[in-house]
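Given next are the chains, with one letter for each unit.
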Amino acid sequence: MSHSVIGASSAHRWLSCPGSVRLSRGVAGRVTEYAARGTVAHEVCERCLKEGGDPAAFLGKVVEADGMEFTVDEAMVESVSVYVNTIRADRKRYGGELLVEQSFNLDWLYPGMYGRNDASLLPELDFDVLRVYDYKNGTKPVSAENNPQGMYYALGALGPGNPLAVSSVEIAIIQPNAFGKEPVDRWRISVGALYRWGNEVLKPGAEATEAPDAPLIEGDWCGFCPAQAICKAKAKAALALFDANPLETMTLPAPDTVPAEQLGKLVAFFGAEAFSDWVKALKAEAKAQLSRNVLIPGLKLVEKTVRGNRRWSDEAGVVKALKSILGDEIFDTKLKSPNQMDKALTGAGLKKDERETLLASLTDRPESVKLEVVSETDLRIGVAEEKKKAIELF
């Protein structure tokens, strides 16, 4: 299913910056590893709820998303379990019909608005509560209260004219990996208030994106905007931290030579979120263009080998080597991970060098290759050069 340019996941951005929709047209979308991993987690969530399975059954399975392959690890199983168990507990408590990955259309509110809910629980009785669930795999905390994405999803589940005859909608954002907040965050809004928001905020916001002079407004919503690297508002916000454009007028001094009265200004500029976000967007755009074989003077794309987490190379060997030391503690409902076993061995009194020697013979680290943008002066051979050599050899 294609994504609406005025969809739920980007609603916070286009409601705050109407011009971002027009600016993003024609800009190739970039899929990050984090986003692809989130897609895999969503797929596991969906299959568990539709098939009635246990998230643990997916442990170790390889799932592909957006051209990348991911092995479902313990962390993902734990995160998905929070989501699946929360919804199953709600259904057991409240009853009702569970809809999973249900598509919806908001053309009745404004053309071009559509999407798909992660899950929703439709009540059995009139004047009851409709529950809408949104799984988030990221670590940045997201609140359910007055959340545009959640309310957009809620309107999609509700439909025009309140055909379900519910009194209110509960939006539940389930975010097991978030820092500093409970994994399940719930917020309830009356049906009347939700429809008012749709007509007074969401609809006018969507209309504003169509204006030829729709403004570009920089803010915390810029993070996932595909047009960051070409956005004048984003560049202006970063460079406005100095009176002059540093790219044209400033030579960076050695840190230990910076006068105290300038030190704070330099730290504020280079440490500012606006600047770092813009630089990240520039790098991502450079990587996307290099991946499409666009020549960028001064840069090239190289392969970077990444070593994964330790894993057991021989589980039978692990049992043989460690069961005499730790007994049944080496098992959960399955063999513990290398990191968990390391902690257990520490508790058993083994010194660091003993643990490392013992575990080194039982583990390996899977390697994967990622693409990285570097200066053309880097000693590694560029991907384009390797392809050229391979063609010549062929």
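Residues numbered from 1 in each chain as written. Predicted model: local features only at pLDDT ≥ 70, side-chain atom pairs only at ≥ 80, totals over all residues. Heavy atoms only, no water.

A. Structural context of the packing of aromatic side chains. Tallying each qualifying case throughout the model produces four aromatic pairs. Ring centres 6.2 Å apart and planes at 80° place the aromatic pair W108 and Y195 in the edge-to-face group. Of the two residues, W108 is situated in the loop between β3 (97-105) and β4 (114-122) and Y195 in helix α6 (residues 191-208); the sequence distance between them amounts to 87 residues. Judged by its relative accessible area of 16%, Y195 is buried. What links up through ring pairs into an aromatic cluster is the set F104, Y152 and Y153. Lying over the aromatic face of F58, K61 brings its terminal NZ or CZ to 5.2 Å of the ring centre. Residue placement shows R131 over the ring face of Y94; its charged tip is 3.5 Å from the ring centre. (Phe/Tyr/Trp six-rings, centres within 6.5 Å; stacked < 30°, edge-to-face > 60°. Helix = DSSP H or I, 4+ residues; strand = E, 2+ residues; numbered from the N terminus. Buried < 20%, exposed > 50% of the residue type's maximum accessible area, 1.4 Å probe, protein only. Lys NZ or Arg CZ within 6 Å of the ring centre and 35° of its normal.)

B. Representation of the nonpolar core in the model. Among the nonpolar cores identified, the biggest contains 34 residues, and W14, M113, L130, Y152, L155, L194 and L202 are the most heavily contacted of them. Elements with a minimum of two residues in this core: α1 (11-16), β3, β5 (129-135), α5 (148-158), β6 (168-174), β7 (184-190) and α6. Sort the elements by how many residues they give to this core and α5 lands first, with seven residues. The next biggest cluster of nonpolar side chains, apart from the first, holds 26 residues, and it includes A41, C45, C48 and Y135. (Core = buried A, V, L, I, M, F, W, Y, C linked by side-chain atoms within 4.5 Å.)

C. Expanded view of the pairing of strand β2 (residues 68-71). In this sheet, β2 lies alongside strand β1 (residues 62-65) in antiparallel orientation, the contact comprising four bridges. Across the sheet, residue V63 finds its bridge partner in β2, namely F70. Hairpin connection, β1 to β2: the antiparallel pair is bridged by two residues, and D66 has positive phi, about 55°. (Pairing = 2+ DSSP bridges.)

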